[in-house]
Amino acid sequence: MMQRWAAAILMAATSACVGQAQQAAAPRTTANAQACCKSQRHSAVSKRAAAKFAKRAEALLGTGPAGKGEWGLLIVDAESVETLYQQNADRYFVPASNMKLFATALALAKLGQEFRFHTTLETSGGISSGGLLTENLVLVGRGDPNLSNRKFPYELKEEFNGPPEKVLAELADALVAKGVKEISGDVIGDDSYFPRERYPNGWEIDDMVWEYGAAISSIVVDDNTVTLTLMPGEQPGSPVQAAVNPATPDFLVENDVVTSASDVKSDLTLTREPGSSLVVVKGTMPAKGAPRKLVLAIEEPAQHAAAVLKRLLEERGVKISGVARARHEAMKTQEDPTVLAEHVSVPLGDAIKLINKISQNLHAEMLLRTVARQNGVWATADDLMKVPQDFYASAGIAPDDVIQTDASGLSRHDLVTPRAIVTLLAFAQKQPWFETYYASLPVAAVDGTLEDRMKNTPAAGRIHAKTGSVEHVRTLSGFAETTGGRRLIFSFLSNNQGGKNHEALDALTGLCVAMLEEFNAAPLKRRVEHKRPH
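Cut-offs used in this document
- Residues numbered from 1 in each chain as written.
- Predicted model: local features only at pLDDT ≥ 70, side-chain atom pairs only at ≥ 80, totals over all residues.
- Heavy atoms only, no water.
- Helix = DSSP H or I, 4+ residues; strand = E, 2+ residues; numbered from the N terminus.
- Buried < 20%, exposed > 50% of the residue type's maximum accessible area, 1.4 Å probe, protein only.
- Contact = heavy atoms within 4.5 Å.
- Areas by Shrake-Rupley, 256 points an atom, 1.4 Å probe, with all protein chains shown as cover.
- Pairing = 2+ DSSP bridges.
- Axes fitted to C-alpha atoms, helices over the stretch in contact; angles between N-to-C directions.
- Parallel < 35°, antiparallel > 145°, perpendicular 65-115°, else oblique.
- Left-handed = near helix turned anticlockwise from the far one by under 90°.
- Nonpolar A, V, L, I, M, F, W, Y, C, P; charged D, E, K, R; others polar.
- Polar contact = N/O pair within 3.5 Å; in protein donor to acceptor, adjacent residues only side chain to side chain.
- Core = buried A, V, L, I, M, F, W, Y, C linked by side-chain atoms within 4.5 Å.
- Salt bridge = Lys/Arg side-chain N within 4 Å of Asp/Glu carboxyl O.

### What to know about the overall build of the chain
Part 1 of the reasoning: For the chain, the helix and strand inventory stands at 13 helices and 21 strands.
Part 2 of the reasoning: The buried share of the chain, taken over its 534 residues, is 50%.
Part 3 of the reasoning: A sequence separation of at least 24 residues applies to 70% of the contacts in the chain between residues at least 6 apart.
Part 4 of the reasoning: For the chain, the exposed area adds up to about 24600 Å²; of that, 50% sits on carbon and sulfur atoms.

Okay, here's the thing in structure tokens:
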């Protein structure tokens, strides 16, 4: 029935165009009639493709666990921005990490691909001839998310080289190279570059324990995390060893884990009360089993960084009279401090690729705050969230289509429409930074958070998109490259998913395959007068 209906439209449209052409005498009128005929044919083809996609989408989303949730879908042609299919495209959805599409675009537009972060060791004192630093040593953070041992540029997977405190060790080496042998004051971690706001509105208590919910600060050492490694014994009943790396006084581990029989699966629980340094681990691990690594979030990043730096300096023979401590408010002084050492970050374009590929929450939060900091210090969290609004308006996003409480999408209070995301992506493809932005997106069955998804399907290698996942939410938005050479922009947002994780993900894969197959046909060429200048 659907095919006969589409064929009838096509025949009617063709007859109308032919009739117009026969009545026209001038060559220009004939040309217009031919263009009309092509346009009508294209419209009929588009409607037929949309009908086929709709049928497949209904089969994927209309029944079963995935069908119990809410879905918002929007697909447009990237060249013409013609809407090919929409469902609830103007309704609000919790986007999860699809929010990073906004944060990374904002940073590229406002800071530029070559922007670099600067982290310094500073003092208001001096260095005596005997190597005594007569004042405090201050580590000043300015939002660099990669004070770590990561290797850049990111290529297919995340790689590391050296200890997690590698950058702080290099700063310590630089200080020792200046002849510093003793520090009479304290070692201070100064994160006053950003106002103190460790957790945005909408983050949950459970988030704060783990790496994806690490506290926000303008000092970020190894993602503001430490790794707790648990190592089972050789025999049942023997103790399980626990070690924290990098070593820090910020964590006190109460280890109640014991070694079980080798054929018993690990059963572990970890608890940490908010604001407490005590971490309690309980359970069992099988004898002779592999070590288990738990990556835990630091709650006081500036204090942690100061403690790690103090330890590194002492390991290099520097005597320190004071303590390690944090500073959250800028010092009011008219004298400029002396910069003793400096670390300059990788270009912003490299940092953004890492953020979108692995969906790094804390790093995305750094970008929004760094953009805001270019215009001074904000007073409230609400003031911070007003910063991107002018950019969203310039991108053509409708007012109130983005309700934002963080930059990463971890907040359950974020709301966006599928149309807002598609509008952003359509705007981005016209910008000079688009190549960097596009290259930052995970590729289906290839890398990032899509590395293990859509394998052995027609979508493998053809979906370049940002994933999103929090409790009851699964999202995917980006670009699709069809075998026919057509580029599509899409946003698939699902909320209120109560089934197992794989069911919503399977539905997203099915939607991607259907989109690539049903909207494969290339659109009509634009007229010469409508082509964008190169």
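So, next bit.
### Here we look at the pairing of strand S5 (residues 137-140)
Part 1 of the reasoning: Of the two faces of S5, the one carrying Leu137 and Leu139 and the one carrying Val138 and Val140 are both buried.
Part 2 of the reasoning: Alignment of strand S3 (residues 118-123) against S5, held across three bridges, turns out to be antiparallel. In the sheet register, Thr120 faces S5, and the bridge partner there is Val140.
Part 3 of the reasoning: As paired strands, S5 and strand S7 (residues 187-190) are joined by four bridges and run parallel to one another. Across the sheet, Val140 pairs through a bridge with Asp190, a residue of S7.

### Topic: the pairing of strand S11 (residues 267-271)
Part 1 of the reasoning: Here S11 runs beside strand S12 (residues 278-286); their pairing, made up of five bridges, is antiparallel. Across the sheet, the residue bridging to Leu270 is Val281, located in S12.
Part 2 of the reasoning: The hairpin turn running from S11 into S12, its antiparallel successor, is six residues long, and Gly275 in that turn takes a positive phi close to 85°.

### Regarding the packing of helix H4 (residues 100-111) against helix H8 (residues 361-373)
Part 1 of the reasoning: Running from amino to carboxyl end, H4 crosses H8 at an angle of 40°, the nearest separation of the two axes being 9 Å. As judged from the angle between their axes, H4 and H8 are oblique. Here H4 runs over H8; the crossing is left-handed. Along its contact with H4, which presents Lys100, Ala103, Thr104, Leu106, Ala107, Lys110 and Leu111, the element H8 presents Asn361, Ala364, Leu367, Leu368, Thr370 and Val371.
Part 2 of the reasoning: In the contact of H4 with H8, the residues fall into eight nonpolar, three polar and two charged.

### Some details on the side chain of Thr467
Part 1 of the reasoning: Checked against the element boundaries, Thr467 lands in strand S19 (residues 463-470).
Part 2 of the reasoning: Within the structure, the side chain of Thr467 is placed 2.8 Å from the side chain of Thr449, a separation counted as a polar contact.
Part 3 of the reasoning: Only 3.4 Å separates the side chain of Thr467 from the side chain of Lys466, close enough to count as a polar contact.

### A short note on the sheet that holds strand S21 (residues 487-495)
Part 1 of the reasoning: Ordered in space as S2-S1-S21-S20-S19, the five strands form an open sheet in which the pairing is antiparallel. Looking at strand neighbours, the two that pair on one side only are strand S2 (83-87) and S19, the edges of this open sheet. Within this sheet the neighbouring strands show an average axis-to-axis angle of 5°, counted without direction.
Part 2 of the reasoning: Here eight bridges tie strand S1 (residues 70-77) to S21, and the two strands are oriented antiparallel to one another.

### Some thoughts on the nonpolar core
Part 1 of the reasoning: Core analysis: the largest hydrophobic core is formed by 65 residues, its most contacted members being Phe102, Ile397, Leu424, Tyr437 and Ile489.
Part 2 of the reasoning: Not counting residues up to four positions away in its chain, the partners in contact with Phe102 are Tyr392, Ile397, Val402, Val416, Ala420, Ile421 and Leu424.
Part 3 of the reasoning: Ranked by size, the runner-up nonpolar core spans 31 residues in total, among them Ala459, Ile463, Leu488 and Phe519.

### With respect to the sheet that holds S12
Part 1 of the reasoning: The mixed open sheet is built from three strands, whose spatial order is S10-S12-S11. Edge positions in the sheet fall to strand S10 (252-260) and S11, since each has one partner strand and no second. Each strand axis lies, on average, 5° off the axis of its neighbour in the sheet, ignoring direction.
Part 2 of the reasoning: Sheet analysis places S10 next to S12, joined by nine bridges and oriented parallel. Of the residues in S12, the one forming a bridge with Val253 is Val279.

### Observations regarding the pattern of salt bridges
Part 1 of the reasoning: In the structure shown here, the tally under the stated rule is 25 salt bridges.
Part 2 of the reasoning: In this structure, Arg56 engages Glu518 in a salt bridge whose closest nitrogen and oxygen atoms are separated by 2.8 Å. In this pair, Arg56 is assigned in helix H2 (residues 27-61) and Glu518 in helix H13 (residues 501-518), connecting sequence segments 462 residues apart.
Part 3 of the reasoning: As a salt-bridge pair, Arg369 and Glu197 come within 2.9 Å of each other at their nearest N and O atoms. Of this pair, Arg369 sits in helix H8 while Glu197 sits in the loop between S7 and strand S8 (225-231), and the two are 172 residues apart along the sequence.
Part 4 of the reasoning: Given a relative accessible area of 18%, Glu197 falls into the buried group.
Part 5 of the reasoning: Salt bridges here are not isolated pairs; linked through shared partners, they connect Arg56, Glu517 and Glu518.

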